[in-house]
Amino acid sequence: MSPSVDQLAILWYPPAYDIRVEKVPVPRIEHPDDAIVKVKLAGLCGSDLHLYRGTEGMTEPCICGHEFVGEIVDLGSSFHPSEARDRPSLYSTLKVGHKVISPFTVSCGECQCAESRLCGTPNTPGGQAQYIRVPKAGGTLYRLDEALATYTAQELEAQHGIPRLADSSLLLLCDILPTGVFAAFQALNHPKTLPMMTSQPYPHSSALVTLKDTVLLVAVVGLGPVGVCACIAMLDILRAKGLDFKLVSIDPIEARRNKIASIYSKMSREQERGYLEVASIEDARCIISEWSNGVGCNVVLEVVGNNSALSLAYELVRPFGCITSNVSLDFGRCPVRAMFPIALDLLVRRQDIFGDVGGEVSLVDKVVGFSEAATMYQEFDKGKCGKVLFDPWK
């Protein structure tokens, strides 16, 4: 690695709403399992707003961000071909120059990791910087060419080649796309939803369903970037299953409703069955009551993570229905590494949505330099923009 001393990074300062771009030291290897990544793109995530608003209890400044893609520029001594024994394979295959994607939490890949922690805190400086030190990198990072080669071998034999993916879309694999897929996956595999998925009566499907329940009624509360990903995943799974459904996508912000309406217009060309309606909060209550004769939804995905959204989910769900949440009533974060192959499959097949920036159906609104960081945090916090990516070198 070059002997550079300083780098630019986006820092949050307590108590709240204080974002600064400053020069800080370039990170160095501190442990044999570390990797240093030169960041190509970093994401601004809804989870970053908890820190931004001062609700995380942090009392010291930190480098923000837990979504990043980049290139390996330095590796600890654990990364060597002889390290293949009883350790994640990346310790024996990862090299300087490899392009990598990072899930949002550190994970050793060898145990129920006591060191699992979120990037973008004082203890684990984040990825909204030109360089980042990744602890336990052999269990945390994904090597991009390896992941795509595996996917190609399993899923794309007929297409003869590794898919070409936009860098901006790859960043979605760090958090929001696997989290959205996970929300849809949880909902449709819940014991109380399985009767509609399998046509098997209770107890074989683990839940009770009547003969009148022939159409799956689903609500998605919140159409931020994760909510959009959840809707796309839900539509994709339901199309593949050939199920009849009605999906209500709910958000108080008109621009977000318009975004999912445009995406559905594109996806519905392939959707032979089912229907999606976008709605404000008040309209959603009326629509769901009418569609269900006052009973409520089979499934509600709460993809906001605050009390008002969870209260709305309780209002909309039917007795013996289920609510899934991005802070999950089953509790625990999305297992990004476990969901990565499913999310990658969806990313590859829907580059028409995930691969563009700033278009009518694009999930990513814009890519900006660090000089616009404070403005982007402010606009994202107020719901004035969608998914924003930072280019540290712009």
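Structural notes, computed from the coordinates. (Residues numbered from 1 in each chain as written. Predicted model: local features only at pLDDT ≥ 70, side-chain atom pairs only at ≥ 80, totals over all residues. Heavy atoms only, no water.)

1. Quick notes on helix 12 (residues 336-349)
1) Next: Spanning 14 residues, helix 12 covers 19 Å between terminal C-alpha atoms, matching the ideal 20 Å at 1.5 Å per step.
2) Next: Every buried residue belonging to helix 12 is among Val336, Met339, Phe340, Ala343, Leu344, Asp345, Leu346, Leu347 and Val348, and all of these are buried. (Helix = DSSP H or I, 4+ residues; strand = E, 2+ residues; numbered from the N terminus. Expected span 1.5 Å × (residues − 1). Buried < 20%, exposed > 50% of the residue type's maximum accessible area, 1.4 Å probe, protein only.)

2. Observations concerning the side chain of serine 169
1) Next: Residue placement: serine 169 occurs in helix 5 (residues 167-170).
2) Next: Since its relative accessible area comes to 0%, serine 169 is described here as buried.
3) Next: Beyond its immediate stretch of four places on either side in the chain, serine 169 contacts Leu347, Gln351, Phe354 and Gly355. (Contact = heavy atoms within 4.5 Å.)

3. A short note on the sheet that holds strand 2 (residues 19-25)
1) Next: Taken in spatial order, the three strands line up as 2-1-4 in an open sheet, and their pairing is antiparallel. Edge strands, defined here as strands with exactly one partner in the open sheet, are strand 2 and strand 4 (62-63).
2) Next: Both strand 1 (residues 6-12) and strand 4 contribute to a ladder of two bridges, which runs antiparallel. If you follow tryptophan 12 over to strand 4, its bridge partner there is cysteine 62.
3) Next: Packed onto the sheet, helix 14 (residues 373-381) meets strand 1 and strand 2 and runs at close to 135° relative to strand 2. (Pairing = 2+ DSSP bridges. Axes fitted to C-alpha atoms, helices over the stretch in contact; angles between N-to-C directions.)

4. Focus: the packing of aromatic side chains
1) Next: Under the defined criterion, the tally for this structure stands at eight aromatic pairs.
2) Next: Judged by centre distance (6.0 Å) and plane angle (65°), the ring pair of tyrosine 275 and tryptophan 291 falls under edge-to-face. Placement of tyrosine 275 in strand 11 (residues 275-279) and of tryptophan 291 in helix 10 (residues 281-291) is noted, with a sequence separation of 16 residues between them.
3) Next: A relative accessible area of 40% means that tyrosine 275 is categorised as partly exposed. (Phe/Tyr/Trp six-rings, centres within 6.5 Å; stacked < 30°, edge-to-face > 60°.)

5. Remarks on the environment of aspartate 74
1) Next: Within the secondary structure, aspartate 74 is located in strand 5 (residues 68-75).
2) Next: The class of aspartate 74 is partly exposed, set by a relative accessible area of 26%.
3) Next: With 39 residues separating them in the primary sequence, aspartate 74 and alanine 35 have C-alpha atoms 5.8 Å apart.

6. A closer look at the sheet that holds strand 9 (residues 216-221)
1) Next: The strand order across the open sheet formed by five strands is 11-10-9-12-13, and the pairing between neighbours is parallel. What marks the edges here is a single partner per strand, and that holds for strand 11 and strand 13 (317-325). Averaged over all adjacent pairs, the angle separating strand axes in this sheet is 20°, with direction ignored.
2) Next: Relative to strand 12 (residues 297-302), strand 9 runs parallel, the two being bridged by four bridges.

7. As for the packing of helix 10 against helix 11 (residues 307-316)
1) Next: Contact geometry for helix 10 and helix 11: axes closest at 11 Å, N-to-C directions at 15°. As the angle between them shows, helix 10 and helix 11 are arranged roughly parallel. Remark: the crossing between helix 10 and helix 11 carries right-handed chirality. Residues Ile281, Arg285 and Ile288 of helix 10 form the contact with helix 11, whose participating residues are Leu312, Glu315 and Leu316.
2) Next: For the contact of helix 10 with helix 11, the per-class residue count stands at four nonpolar, no polar and two charged. (Parallel < 35°, antiparallel > 145°, perpendicular 65-115°, else oblique. Left-handed = near helix turned anticlockwise from the far one by under 90°. Nonpolar A, V, L, I, M, F, W, Y, C, P; charged D, E, K, R; others polar.)

8. Re the pattern of salt bridges
1) Next: Within this structure, the stated rule accounts for 20 salt bridges.
2) Next: Between arginine 285 and glutamate 315 there is a salt bridge, with its nearest N and O atoms 2.7 Å apart. Of the two residues, arginine 285 is situated in helix 10 and glutamate 315 in helix 11; the sequence distance between them amounts to 30 residues.
3) Next: The exposure class of glutamate 315 is partly exposed, given its relative accessible area of 48%.
4) Next: Arginine 350 is paired through a salt bridge with aspartate 352; the nearest N and O atoms lie 2.6 Å apart.
5) Next: Assessed through its relative accessible area of 33%, aspartate 352 is described here as partly exposed.
6) Next: Each of Asp236, Arg239, Asp345 and Arg349 takes part in salt bridges that share partners, so that together they form one network. (Salt bridge = Lys/Arg side-chain N within 4 Å of Asp/Glu carboxyl O.)

9. Quick notes on unusual backbone geometry
Across residues other than glycine, the phi torsion is negative in most instances, and most of the peptide bonds are trans.
1) Next: The residue after proline 14, namely proline 15, is reached through a cis peptide bond having omega 10°.
2) Next: Positioned with a positive phi, tyrosine 17 is a non-glycine residue whose angle comes to about 60°.
3) Next: Checked against the element boundaries, tyrosine 17 lands in the loop between strand 1 and strand 2.
4) Next: A residue is classified by how much of its surface remains accessible, and tyrosine 17, at 48% relative accessible area, is partly exposed.
5) Next: Its identity as a non-glycine residue notwithstanding, phenylalanine 320 has a phi of 70°, on the positive side.
6) Next: One can find phenylalanine 320 in strand 13.
7) Next: On the accessibility criterion, phenylalanine 320 (48% relative accessible area) is partly exposed.

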